Amino acid sequence: MSLNTDFMVKVAQTAIQGVPVTLQIVLVALLISLPVGCLFALIRIYRVKGLEQIVKLYVSFVRGTPIIAQILIVYSAFPSLLNMIIGKAAFSINPIYYAYIVFTLNSIATLTEVFRSALQTVDKGQMEAGLMVGMQPRQTFWRIILPQALISALPNITNATLYLIKNSSLAFIMSVKDITAIAKTEAAFNYNFLEAYLVVWIYYLIICYSAEVIFYLLERYFSKFRRSTKKTNLFNWRPLSIKQPEVRAEADLTESERTNHAQNRGLKKRL
Amino acid sequence: MLKIEGLKKGYDGNEILKGISLDVNKGDVISIIGPSGSGKTTLLRNITTLEQADGGHIQFAGVDNDFQKLNSKDIQTIRRNVGFVFQNYNLFNNKTALQNITEGLIVARKVKKREAEKIALEALERVGLSDRRNHYPSQLSGGQQQRVGIARAVALNPQVIFFDEPTSALDPELVGEVLKVMRNLADEGTTMVVVTHQMNFARNVSNKVIFMADGYIVEQGSPEDIFEHPSEKRTQEFLTDILANV
Amino acid sequence: MENIKLIINFLGQLLPAINITLIVSVSSIVLGSLLGLGLAAAKQSQSIILRVLSSIYVSVIRATPSIIMIFVVYYGMPLLFSGWLHINIEGWNRMYFVIIALTLLFSAPVSEIMRSAYESISKGQMEAGLMVGMTPFQTFYRILLPQAFVVALPNFANSAINLLKEGALTFTIGVVDMVAKAQMIVANNSGGYAWQTYCALALIYWVISLAIDKGVTLVEKSYQAKRKTIAA
């Protein structure tokens, strides 16, 4: 078995034009879905009547169905929707807008869950302490609760971003000219598909690792108030020591809660 | 100065507080003692409006109203005139020791930043932690965190400071430093209401001791009354138990 | 109303293809769990080479889009096999390639889930087991494993749902699964009723995901009930 390395170099040169397209999709989706996801999380936490159920259903649907099904639905439903609303012919729309829509809608659902669990990790006592120094609930939320929640959400935001980057590789299905689409076209001439996809793979590895490094630096910068965490070396450096996304540790929490109380009780007795 | 009458609170039909009345005068140091589950912590949380009481009346800082009828302005008035020291410190994790103290001054009291920092530094000095002003809570020991918590309450210069079991979460060897700070505050004439299991503090520092059990105030009086000649059987039993275990 | 009728009609046409989806998912979950177990063991092992290799593997998989993994396996494996082993596997059922790709993808998160579940059990449990005279294997099997299972279950189910969704890419290499079937239906209707067809497709996946979620919640509840009665 031998790989056509000349061809790989050629694909690498042409497919790099798709990198900005992929990055564009990821950035647009992230910038919109971060605030919206945060808002949706708040709707769920504060049980806003009416909206809560809608958000719940939305998140459940998006998380319970394949991204490919979502792509196909948006790609087939939006042209007629747009036609109805603005009467503009659908084929005149740059397909990248469909990609923006699909991946934003998808990320919103993921990030809603991320923010929801992050907001829940902030201790109730933080709000009480804010009230007891005379701050309003809203002031306490913006100044104390939200900053802490954002930082504890960072690892899961990283995961959500990686998930988004990887999913964006399906944009070619909507005929967006991204990395995969370009490589695919190149490969079709001589059936050098393996070489083409290996190149695409490498590009995605580079993009994902860069994203991880950026988020790692962000995390290190912002979590200076958690200085007691252990030092970083080659082996526990994030890209080499993957944390599992979305650890649903509710059972654990109640457990530690209980042991905490048990300890308190023991202490009380002793005193 | 602070007058509570007939305070009631229950959860799911379980009455925790069955009509508590309490008078706090300026300069009082009141210790509330009693077995676990007697409603001591709940009492503090209801007076300070962290929880909404089911019934009772409060007279404090110009507010004169039933607990159930408190509007948001009353609640804000009450909160701005009390200080609270939590069992688990509850320092703002994303703020340094100094910022923990300035936060309330700047945001709630609208004090200028410069001025707030000056007040905060003084408060830190009083609890002996001015060298830790730029440390985050995670970099402080439990005892140090609680001292910052006390400084945070003191800096706001409230009419009365409530302490909710301030030493219960601490390792035994760290209890002393916190008690010392509290004793200094008492000596300086700070009005304090302290829920505690530290019988030495209750006996030697406070001027009034309240013994609570099962949601009632069983007995109250001077430390001598309560510790030397308790008149109620419940009080005697409690004190015998707890002193035997020290 | 009209649309709902259409969607129900399409559901009927899509459902027969569900067995491909189920075969692909179930076999990848089984094989991926086994590989994941091996990886988790490698991460715990004494050998630094094994530890580093398994770490690199997991981190590479984490950064690999599933579609690329499927394509690389599909185009790469036949070349590998004919070049090194002189075996021609071009004629294999294409489903096998998807299963292999998904197995590789699934093993990485599963190994992490297993490792963190194992680490979440306190060391005292093993020591206590040994001290009452059980062998290390007995303690592992009777004490540690059941506890780790409860911890791992929610995350495992989450990954399984992800795998189910990634399996929807099977159609990209020409296997006629539900997605391919849906596209055929749309093509037969000359592009008409497209979104209704795809909604029917999404509904099927949604129901399976919800069923997995529900099942896990039930199992968790029964375990927690047990714990509570012991605690009380």
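These figures come from a predicted structure and were not determined experimentally.

Engineer: Tell me about the overall build of chain C, and please be specific about residues and values.
Structural biologist: Within chain C one finds nine helices and zero strands. Listing every helix and strand of chain C by position from the N terminus yields α-α-α-α-α-α-α-α-α. Seen along its three principal axes, the alpha-carbon backbone of chain C occupies a region of about 70 × 55 × 25 Å. Split into buried and exposed, the 232 residues of chain C put 44% on the buried side. The contacts in chain C between residues at least 6 apart in sequence include a share of 73% that link residues at least 24 apart. A total of about 11700 Å² of accessible surface is found on chain C, and carbon and sulfur atoms cover 68% of it. Here chain C contributes 15 positively and 9 negatively charged side chains, and the mean placements of these two sets differ by 7 Å.

Engineer: Break down the sheet that holds strand S9 (residues 208–213) of chain B for me, with residues and values.
Structural biologist: Residue and element names in this part refer to chain B. If you trace the six strands from one edge of the open sheet to the other, you get S6-S7-S8-S3-S9-S10, paired in mixed fashion. If you trace the sheet from one side to the other, it starts and ends with strand S6 (82–85) and strand S10 (216–221), each paired once. For this sheet, the mean angle separating the axes of adjacent strands, direction not counted, is 20°. Pairing of strand S3 (residues 29–33) with strand S8 (residues 192–195) involves four bridges; the strand directions are parallel. Its bridge partner lying in S8, Ile30 is registered against Val193. In the packing of helix H5 (residues 142–155) onto the sheet, the strands contacted are S6 and strand S7 (160–164), and the crossing angle to S6 comes to about 175°. On the sheet, helix H6 (residues 175–187) packs against S3, S7 and S8 and is oriented at approximately 150° with respect to S8.

Engineer: Please set out the sheet that holds strand S4 (residues 55–60) of chain B residue by residue, giving values where relevant.
Structural biologist: Residues and elements named next belong to chain B. Spatial strand order, S2-S1-S4-S5: four strands in an open sheet with antiparallel pairing. Of all the strands in the sheet, the pair left with one neighbour each is strand S2 (14–24) and strand S5 (63–66). Mean inter-strand twist for the sheet, computed between neighbouring axes without regard to direction, equals 15°. Sheet strands in contact with helix H2 (residues 72–81) are S4 and S5, and its direction is about 125° off that of S5.

Engineer: Can you tell me about the side chain of Thr42 of chain B, naming the residues and giving the values?
Structural biologist: Among the secondary structure elements, Thr42 of chain B is positioned in helix H1 (residues 40–47). If near-sequence neighbours (up to four positions away) are discounted, Thr42 of chain B is found in contact with Lys9, Tyr11, Ile16, Leu17 and Glu51 of chain B.

Engineer: Account for the interface of chain A and chain C, naming residues and giving values.
Structural biologist: Interface size is commonly expressed as the accessible area that is lost once the parts come together. Listed as interface residues are 49 residues of chain A and, on the opposing side, 50 residues of chain C. Taken over both partners, the interface formed by chain A and chain C buries close to 4400 Å², and the fraction arising from carbon and sulfur atoms is 67%. Our count for the chain A to chain C interface comes out at one salt bridge. The salt bridge involving Glu212 of chain A is made with Arg62 of chain C; its shortest N-O contact spans 2.8 Å. Between chain A and chain C we count 10 residue pairs in polar contact (both at pLDDT 80 or more) in total. The set of elements that each furnish at least two residues to the side of chain A that touches chain C consists of helix H3 (51–64), helix H4 (67–86), helix H7 (137–167), helix H9 (193–222) and helix H10 (250–270) of chain A. Sorting elements by how many residues they give to the side of chain A that touches chain C places H9 of chain A first, with 11 residues. The residue makeup of the side of chain A that touches chain C, split by class, is 32 nonpolar, nine polar and eight charged.

Engineer: Lay out the arrangement of the chains with the relevant residues and their values.
Structural biologist: Pairwise contact counts over the two pairs of chains in contact peak for chains A and C. Without any contact between them, chain B and chain C keep their closest C-alpha atoms 18 Å apart.

Engineer: Tell me what's going on with the UniProt feature "domain: ABC transmembrane type-1" (unreviewed entry) in chain C, and back it up with residues and numbers.
Structural biologist: UniProt feature "domain: ABC transmembrane type-1" (unreviewed entry): in the numbering of this structure it lies at residues 18–216 of chain C. Taken end to end, residues 18–216 of chain C is 82% helix and 0% strand, and its first and last C-alpha atoms sit 22 Å apart.

Engineer: Tell me about the interface of chain B and chain A, and please be specific about residues and values.
Structural biologist: Residue-level contacts link 35 residues of chain B with 27 residues of chain A. Both faces considered, chain B and chain A share a buried interface measuring about 3000 Å² in area, 55% of it formed by carbon and sulfur atoms. Sorting the residues of chain B by area buried against chain A places Arg79, Phe92 and Asn94 of chain B first, and these three jointly supply 18% of that buried surface. Taken together, chain B and chain A are joined by two salt bridges. Between Arg143 of chain A and Glu103 of chain B there is a salt bridge, with the nearest N and O atoms lying 2.4 Å from each other. In this assembly, chain B and chain A are joined by nine residue pairs in polar contact (both at pLDDT 80 or more). Put simply, the parts of the chain that give the side of chain B that touches chain A at least two residues each are H2, S6, helix H3 (97–108) and helix H9 (233–245) of chain B. Per-element tally for the side of chain B that touches chain A: the top contributor is H3 of chain B, with four residues. Looking at side-chain class alone, the side of chain B that touches chain A contains 13 nonpolar, 14 polar and eight charged residues.

Engineer: Give a detailed account of unusual backbone geometry, specifying residues and quantitative values.
Structural biologist: Residues and elements named next belong to chain B. The phi torsion at Asn90 lies on the positive side, around 50°, for a residue other than glycine. Structurally, Asn90 is set in the loop between S6 and H3. Residues other than glycine seldom take positive phi values, yet Lys110 does so here, at roughly 60°. Owing to a relative accessible area of 62%, Lys110 belongs among the exposed residues under this scheme.

Engineer: Outline the pairing of S9 of chain B, supporting the account with residue identities and numerical values.
Structural biologist: Residue and element names in this part refer to chain B. Along S9, six of the six residues are buried, which leaves the element largely enclosed by surrounding structure. Burial along S9 is two-sided: the residues Lys208, Ile210 and Met212 and Val209, Phe211 and Ala213 are all buried. Strand direction decides the pairing type here: S3 and S9, joined by four bridges, are parallel. When the sheet's bridge partners are listed, Ser31 is paired in S9 with Val209. Relative to S10, S9 runs antiparallel, the two sharing five bridges. Paired with Phe211 across the strands is Glu219, a residue of S10. Counting the residues between successive antiparallel strands, the hairpin from S9 to S10 contains two residues, one of them, Asp214, with a positive phi of roughly 50°.

Engineer: Break down a nonpolar patch on the surface for me, citing the residues and quoting the values.
Structural biologist: All names here are of chain C. Together, Tyr118, Phe137, Phe140, Tyr141 and Leu145 give the surface a local cluster of nonpolar side chains, amounting to about 530 Å² of exposed area. Considering every element that reaches the nonpolar patch, the biggest residue donor is helix H7 (residues 136–166), with four residues. With respect to the helices and strands, the residue Tyr118 is situated in helix H5 (residues 94–120). Tyr118 sits in the partly exposed class, given a relative accessible area of 39%.

Cut-offs applied
- Each residue is numbered by its place in its chain's sequence as written, counting from 1.
- Starting at A for chains and at 1 for ligands, labels are handed out in the order in which the entities are written.
- Only residues with pLDDT of 70 or above have their local features reported here, since the model is predicted, and side-chain atom pairs are shown and tallied only from 80 upward, although totals for entire chains, interfaces and linings are computed over all residues.
- The side-chain values count all of the structure's non-hydrogen atoms but skip hydrogen atoms and water molecules.
- Helix and strand definitions follow DSSP, with helices as H or I runs of at least four residues and strands as E runs of at least two, each counted in order from the N terminus.
- Type-normalised accessible area, obtained with a 1.4 Å probe on protein chains alone, sets the label of each residue: buried when under 20%, exposed when over 50%, and partly exposed for intermediate values.
- By definition, residues are in contact when any of their heavy atoms lie within 4.5 Å.
- Computed by Shrake-Rupley with a 1.4 Å probe, the accessible areas treat only the displayed protein chains as cover when residues are assessed.
- Charged residues are defined here as Lys and Arg on the positive side and Asp and Glu on the negative side; His and the ends of the chain fall outside this count.
- The atom standing in for a charge is NZ when the residue is Lys, CZ when it is Arg, CG when it is Asp and CD when it is Glu.
- Pairing between strands requires that DSSP locate at least two bridges from one strand to the other.
- Angles run from 0 to 180 degrees between N-to-C directions of axes, and those axes are lines fitted to C-alpha atoms, restricted for helices to the stretch in contact.
- By buried area we mean the combined loss of accessible area, with a 1.4 Å probe, across both parts when two parts are placed together.
- Definition used for salt bridges: Asp or Glu carboxyl oxygen within 4 Å of a side-chain nitrogen of Lys or Arg.
- Two N or O atoms count as a polar contact when they lie within 3.5 Å, although within protein this holds only if one can serve as hydrogen donor and the other as acceptor, and sequence-adjacent residues are included solely when both atoms are side-chain atoms.
- The residue classification treats Ala, Val, Leu, Ile, Met, Phe, Trp, Tyr, Cys and Pro as nonpolar and Asp, Glu, Lys and Arg as charged. All others, Gly included, are polar.
- UniProt positions are given in the numbering used here, feature names are shortened, and annotations may be inferred rather than shown by experiment.
- A patch is a set of surface residues, each over 30% in relative accessible area and not in a salt bridge, joined within 9 Å for like charges and within 5 Å for the nonpolar side chains Val, Leu, Ile, Met, Phe, Trp and Tyr.

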